[in-house]
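# Chain and residue survey
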Amino acid sequence: MKVTVTFYSYFKDLTGCGQAEESVPEGGTLDDLFQRLAARFPKLAAMEKSTLMAVDVDYQPRSYVLKDGDEVSLFPPVQGG
Amino acid sequence: MKRQLTITKKAIDEASLLAGRAVSGGAGAVVYFTGVVRGTEKGAAIEAIEYEAFEKMAERQFGLLFDEMEKRWPVESVRLVHRVGVIKVSEASLWVEVVAAHRAEAFAACQWLIDEMKRVVPIWKKPLAG
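Residues numbered from 1 in each chain as written. Chains lettered and ligands numbered in written order. Predicted model: local features only at pLDDT ≥ 70, side-chain atom pairs only at ≥ 80, totals over all residues.

Think of two packed helices as two axes; the pair is described by the angle between the axes and how far apart they sit. Residue and element names in this part refer to chain B. Look at helix α2 (residues 55-72) against helix α3 (residues 103-120): their axes get within 10 Å of each other, and the N-to-C directions meet at 150 degrees. Relative to α3, the crossing made by α2 is right-handed. Taking contact as the criterion, the partners of Q61, L65 and M69 in α2 are, on α3, A109, W112, L113, E116, M117 and V120. Per-class residue counts for the contact of α2 with α3 are 7 nonpolar, 1 polar and 1 charged. (Axes fitted to C-alpha atoms, helices over the stretch in contact; angles between N-to-C directions. Helix = DSSP H or I, 4+ residues; strand = E, 2+ residues; numbered from the N terminus. Left-handed = near helix turned anticlockwise from the far one by under 90°. Contact = placed C-beta atoms within 7 Å. Nonpolar A, V, L, I, M, F, W, Y, C, P; charged D, E, K, R; others polar.)

All right, on to the interface of chain A and chain B then. On the chain B side, the residues contacting the 11 residues of chain A number 18 residues. Its residues placed into classes, the side of chain A that touches chain B shows 5 nonpolar, 5 polar and 1 charged.

Okay, the sheet that holds strand β2 (residues 19-23) of chain A next. Residue and element names in this part refer to chain A. Ordered by their spatial adjacency, 5 strands build an open sheet running β2-β1-β5-β3-β4, and the pairing between neighbours is mixed. Sheet topology places β2 and β4 (58-59) at the edges, where each strand pairs with a single neighbour. For strand β3 (residues 52-55) and strand β5 (residues 71-75), the ladder comprises 4 bridges, and the chain directions are antiparallel. Bridging across to β5, M53 finds its partner in L74. Seen against the sheet, helix α2 (residues 30-40) touches β1 (2-7), β2, β3 and β5 and runs at an angle of roughly 115 degrees to β2. (Pairing = 2+ DSSP bridges.)

To continue, consider the nonpolar core. Judged by nonpolar contacts, the single largest core of 48 residues is most densely connected at L33(A), V98(B) and A109(B). Among the elements that make up this core, the one with the highest residue count is strand β8 (residues 92-100) of chain B (6 residues). (Core = buried A, V, L, I, M, F, W, Y, C linked by C-beta atoms within 7 Å. Buried ≥ 20, exposed ≤ 12 C-beta atoms within 10 Å, placed from the backbone.)

Moving residue by residue along a regular strand, the side chains alternate between the two faces of the sheet. Residue and element names in this part refer to chain A. A small share of β2 lies buried, amounting to 0 of its 5 residues. The pairing of β1 with β2 spans 5 bridges and is classified as antiparallel. Paired with V3 across the bridge in β2 is E22.

The values are spatial; any link to function lies outside them.
Structural data, given as structure tokens:
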């Protein structure tokens, strides 16, 4: 299945794009997705521990099981204010 | 609890925000905070900060924070404005107002809201040098 991934803040610079599509197997988790993205965008791999992940508008743990068509966002720690 | 959230590219107009303040007869405290862009970032001079928001998620996360704030303190109203885009040094990036019956909960709720915003609301900043 395919999911759409949007990058925010300097993750756009690390990946060189604002958005990407990625395939994950049925039953794949956010962690599986991250590993695939890290292989595709090596600069992301170093950010693994500080990466925040959301599906639609809610944070989700790495164990979240993806569904076809999920809109995933990846970004560094937030800094509002 | 009344709540008002604005995420905007426009300059924060504090005068009109203050003019629009609504306080009931039961309120005894109004705490408001203005965050402005500092002229240095990690010791280096900057001219501005560019703020980026994942706006739809930011609205959702602010909503959850307001829900939690309401559970923790008897707050009458909260208004929060966060500016995004390029904001020059000394200009306001954040304005928060909390109205409550007593100062203890107004101060505590305002401080908590800003702390939590910095932890969960998807807004990022990029310093811009001169």
